[in-house]
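These are the residues of each chain, in order.
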Amino acid sequence: MGIDLPALLRSLRVWDAGTTVLPAFDPGTAPPTPLLLFTNWFAEAVAAGQPEPHTMSLATADEEGRPDVRIVMLHGADAEGWSFASHATSRKGRALATHPYAALAFYWPVLGRQVRMRGPVTAAPAQDSQADLHARSTGALAAALTGRQSEDLSSLDELRRASEAAWERARENPTEPSPTWTLYRLRPETVEFFQGDPDRRHVRLEYRSTEFGWSRGLLWP
């Protein structure tokens, strides 16, 4: 018997009271910059036990303007922007080379919160990219050294052999470079903070970058 997807969907509830806390959010108390509020919300997501709060959706457009989205890991956030990394030769790397503009979205359901941003993306200098890679785990280096991200794969056995060889290289030389590994920084033009409300009066606060700094405004939910 097949799964009744519509019935399964109807059985689900968003922000179940048993597992979700919807905190109050007064946008009038928000700090002047989105980085400060993001840092506070991120720390609160960690404290609330949100699994993998540092994962985020990254949306790009390819050479023909077709959108694509995937989950990546946040590597940092500061005055230079929100950082993530990948191979320059991967699909997202090629897309960013053609259209250096992207969007990021975080979702922390344990608190009913989202953070969305979009803006231009730049590649960090090679030394920064390699420093980022070597600050991570042996497994991260092994994955980077395996390479060929997004290329066609003939079999899982081929992947296993390449991965095992990369793991050996990573263990023997923890500072071995991966030339295509690139640290990217998205400098947001807009950043939206979404706080869910049990009565569906969700609070949406958007920061907008201007020549005079950040402005703030509310959005209808």
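Counting of residues starts from 1 at the beginning of each chain's written sequence and follows it residue by residue. Local features in a predicted model are, by the rule used here, given only for residues with pLDDT of at least 70; side-chain atom pairs are given and counted only at 80 or more, and totals for whole chains, interfaces and linings are based on all residues. No hydrogens and no water enter the side-chain calculation; it runs on all heavy atoms of the structure.

Caption draft 1: Here's a closer look at a nonpolar patch on the surface. What makes a patch is a set of residues exposed beyond 30% relative accessible area and free of salt bridges, joined within 9 Å when like-charged and within 5 Å when nonpolar (Val, Leu, Ile, Met, Phe, Trp, Tyr). For the accessible areas, the method is Shrake-Rupley and the probe is 1.4 Å, while residue cover comes only from the protein chains on display. When a carboxyl oxygen of Asp or Glu lies within 4 Å of a side-chain nitrogen of Lys or Arg, that pair is called a salt bridge. A cluster of nonpolar side chains, Ile3, Leu5, Leu8, Leu9 and Leu12, forms an exposed patch at the surface whose accessible area comes to about 550 Å². Residue burial is assigned from relative accessible area. The probe radius is 1.4 Å, only protein chains are included, and a residue is buried under 20% of its type maximum, exposed over 50%, and partly exposed in between. Classification of Leu8 as partly exposed rests on a relative accessible area of 43%.

Caption draft 2: Structural detail: the side chain of Thr190. Where helices and strands are cited, they refer to DSSP runs of H or I of at least four residues and of E of at least two residues respectively, numbered from the N terminus. With respect to the secondary-structure elements, Thr190 resides in strand E8 (residues 190-195). Other than its neighbours up to four places away in sequence, Thr190 contacts Arg116, Met117, Arg118, Glu206, Tyr207 and Arg208. In this description, contact between two residues means that some pair of their heavy atoms is separated by no more than 4.5 Å.

Caption draft 3: Highlighting unusual backbone geometry. Within the chain, Glu52 stands out as a residue other than glycine whose phi angle is a positive 45 degrees. Tracing the sequence through the fold places Glu52 in the loop between helix H2 (34-47) and strand E1 (55-61). Backbone geometry at Arg148 places phi at a positive 60 degrees, although glycine is not the residue there. Take Arg148: it is sitting in the loop between helix H5 (138-146) and helix H6 (156-172).

Caption draft 4: Here's a closer look at the side chain of His202. Mapped onto the fold, His202 is located in the loop between E8 and strand E9 (203-210). In protein, a polar contact requires one atom able to donate a hydrogen and another able to accept it; more generally it is a pair of N or O atoms within 3.5 Å, and residues adjacent in sequence count only if both atoms are side-chain atoms. Among the polar contacts made by the side chain of His202, one reaches the main-chain amide nitrogen of Asp197 at a distance of 3.0 Å. What His202 contacts, discounting residues up to four positions off in sequence, is Trp15, Phe194, Gln195, Gly196, Asp197 and Pro221.

Caption draft 5: Examining the nonpolar core more closely. Leu37, Phe38, Phe84, Phe106, Val115, Met117 and Phe193 are the most contacted members of the largest nonpolar core, which totals 28 residues. Of all the secondary structure elements, the ones that give two or more residues to this core are H2, E1, strand E4 (81-87), strand E5 (101-108), strand E6 (113-123), strand E7 (181-186), E8 and E9. Those residues within four positions of Val115 in sequence are excluded, and the remaining contacts are Phe38, Trp41, Leu104, Ala105, Phe106, Trp108, Val191, Glu192 and Phe193. Leu133, Ala144, Ala170 and Trp181 belong to the second largest nonpolar core, which has eleven residues in total. What makes a nonpolar core is a set of buried Ala, Val, Leu, Ile, Met, Phe, Trp, Tyr and Cys residues whose side-chain atoms join them at distances within 4.5 Å.

Caption draft 6: Representation of the environment of Ala7 within the structure. Among the structural elements, Ala7 can be located in helix H1 (residues 5-11). In this structure the C-alpha to C-alpha distance between Ala7 and Arg66, which are 59 residues apart in sequence, comes to 32 Å.

Caption draft 7: Layout of the pairing of strand E2 (residues 67-73). In this scheme, strands are said to pair when DSSP sees at least two bridges between them. Summarising the sheet, E1 and E2 pair through seven bridges and their orientation is antiparallel. When the sheet's bridge partners are listed, Leu58 is paired in E2 with Arg70. Linking two consecutive strands that pair antiparallel, namely E1 and E2, is a turn of five residues; a positive phi of about 80 degrees is found at Gly65 within it.

Caption draft 8: Local environment of the pairing of E9. Note that E8 and E9 share six bridges and pair antiparallel. When the bridges of E9 are listed, Val191 appears paired with Tyr207. Sheet analysis places E9 next to strand E10 (residues 213-219), joined by seven bridges and oriented antiparallel. Bridge assignment links Arg208 to a residue of E10, and that residue is Ser215. In this structure, the hairpin formed by E9 and E10 is closed by a connection of two residues.

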